[in-house]
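For reference, the chains in residue letters:
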Amino acid sequence: GAGVSQSPSNKVTEKGKDVELRCDPISGHTALYWYRQRLGQGLEFLIYFQGNSAPDKSGLPSDRFSAERTGESVSTLTIQRTQQEDSAVYLCASSRAGGTYNEQFFGPGTRLTVL
Amino acid sequence: DQQVKQNSPSLSVQEGRISILNCDYTNSMFDYFLWYKKYPAEGPTFLISISSIKDKNEDGRFTVFLNKSAKHLSLHIVPSQPGDSAVYFCAAIQGAQKLVFGQGTRLTINP
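Thresholds, definitions, all that
- Residues numbered from 1 in each chain as written.
- Chains lettered and ligands numbered in written order.
- Predicted model: local features only at pLDDT ≥ 70, side-chain atom pairs only at ≥ 80, totals over all residues.
- Heavy atoms only, no water.
- Helix = DSSP H or I, 4+ residues; strand = E, 2+ residues; numbered from the N terminus.
- Buried < 20%, exposed > 50% of the residue type's maximum accessible area, 1.4 Å probe, protein only.
- Areas by Shrake-Rupley, 256 points an atom, 1.4 Å probe, with all protein chains shown as cover.
- Core = buried A, V, L, I, M, F, W, Y, C linked by side-chain atoms within 4.5 Å.
- Contact = heavy atoms within 4.5 Å.
- Phe/Tyr/Trp six-rings, centres within 6.5 Å; stacked < 30°, edge-to-face > 60°.

1. Digging into the overall build of chain A
Then, number 1: The secondary structure content of chain A amounts to zero helices and eleven strands.
Then, number 2: Listing each helix as α and each strand as β along chain A from the N terminus yields β-β-β-β-β-β-β-β-β-β-β.
Then, number 3: With the C-alpha coordinates aligned to their principal axes, the bounding extent of chain A is approximately 40 × 25 × 25 Å.
Then, number 4: By the burial criterion, 48% of the 115 residues in chain A qualify as buried.
Then, number 5: Summing over all exposed atoms, chain A offers an accessible surface of approximately 5500 Å²; the carbon and sulfur share of this is 44%.

So, in structure tokens, the structure goes:
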């Protein structure tokens, strides 16, 4: 497809379980970002990849959160031992390159609900 | 520490009138400011941006104004159309690519 895709679109899990969220960026986009939006809030930055390295992980809220990226392709955000406060929409974005401003294109998000 | 703030959670405007969405920021080092529009169940889409060295940028019905001394920017939509009903996010960026977003303003255009 032409845009950023994310899967699953919705995920309901029980507290304490691990979840994996997937992002497929636009082909050729070297930069990839994860954000989350909790109810009634703006988007919070989580992590930024340039290629498969992550120069900025400053937004990851705890060590239960981790992310990987394979080359300049798919990224996976993993949340271990989920808590109710992890419930949010997790958004992925990609752009052509890091270093200077390039427009970020967002996927539709994964809505995570932790019961 | 909320570096980008949108103090109006919602705004209702009559079709054909001007919509003005406001945003304040605290970090004077931001290089670019952007507005994103978001429909339900979709990701945000880029609308318009402005460099910190400019004070105005216009694109069709959309104009963004930047007042650096007041650390304030605004988005003007004129004339407003029903399809403009969405949540609008103000965002800022400094150096590396991390976008810092405001909380969003839900704009409703009434026929």
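2. Description of the nonpolar core
Then, number 1: Ranked by size, the top nonpolar core spans 24 residues in total, and within it B:Val4, B:Phe33, B:Trp35, B:Leu73, B:Leu75 and B:Tyr88 carry the most contacts.
Then, number 2: Only β3 (19-25), β4 (32-38), β5 (45-51), β7 (62-67), β8 (72-77), β9 (86-93) and β11 (105-110) of chain B provide two or more residues apiece to this core.
Then, number 3: If one sorts the elements of this core by residue count, β9(B) sits on top with four residues.
Then, number 4: Those residues in contact with B:Leu73, other than ones at most four positions away along the chain, are B:Leu21, B:Asn22, B:Cys23, B:Tyr25, B:Phe33, B:Trp35, B:Val64, B:Phe65, B:Leu66 and B:Cys90.
Then, number 5: Listed in part, the 20 residues of the second largest apolar core include A:Leu21, A:Leu46, A:Ala67 and A:Cys92.

3. A word on the packing of aromatic side chains
Then, number 1: Here the structure, examined in full by the defined rule, presents 13 aromatic pairs over all chains.
Then, number 2: Between A:Phe106 and B:Phe101, the ring centres sit 6.1 Å apart and the planes meet at 75°, which makes this aromatic pair edge-to-face. Here B:Phe101 lies in strand β10 (residues 99-101) and A:Phe106 lies in strand β10 (residues 105-106), a pairing that spans two chains.
Then, number 3: A relative accessible area of 3% places B:Phe101 in the buried class.
Then, number 4: Summarising the aromatic geometry, the rings of B:Phe89 and B:Phe101 are spaced 6.2 Å apart at their centres and angled 90° between planes, so their arrangement reads as edge-to-face. On the criterion of sequence distance, the pair formed by B:Phe89 in strand β9 and B:Phe101 in strand β10 is long-range, its members being twelve residues apart.

4. A closer look at the environment of A:Ala54
Residues and elements named next belong to chain A.
Then, number 1: Note on placement: alanine 54 falls in strand β6 (residues 53-56).
Then, number 2: Exposure remark for alanine 54: the relative accessible area of 23% places this residue in the partly exposed category.
Then, number 3: Along the backbone, alanine 54 and glutamate 68 are 14 residues apart, and their C-alpha atoms lie at a distance of 8.4 Å.
Then, number 4: Discounting residues that sit within four places of it in the chain, alanine 54 has contacts with Ile47, Tyr48 and Phe49.

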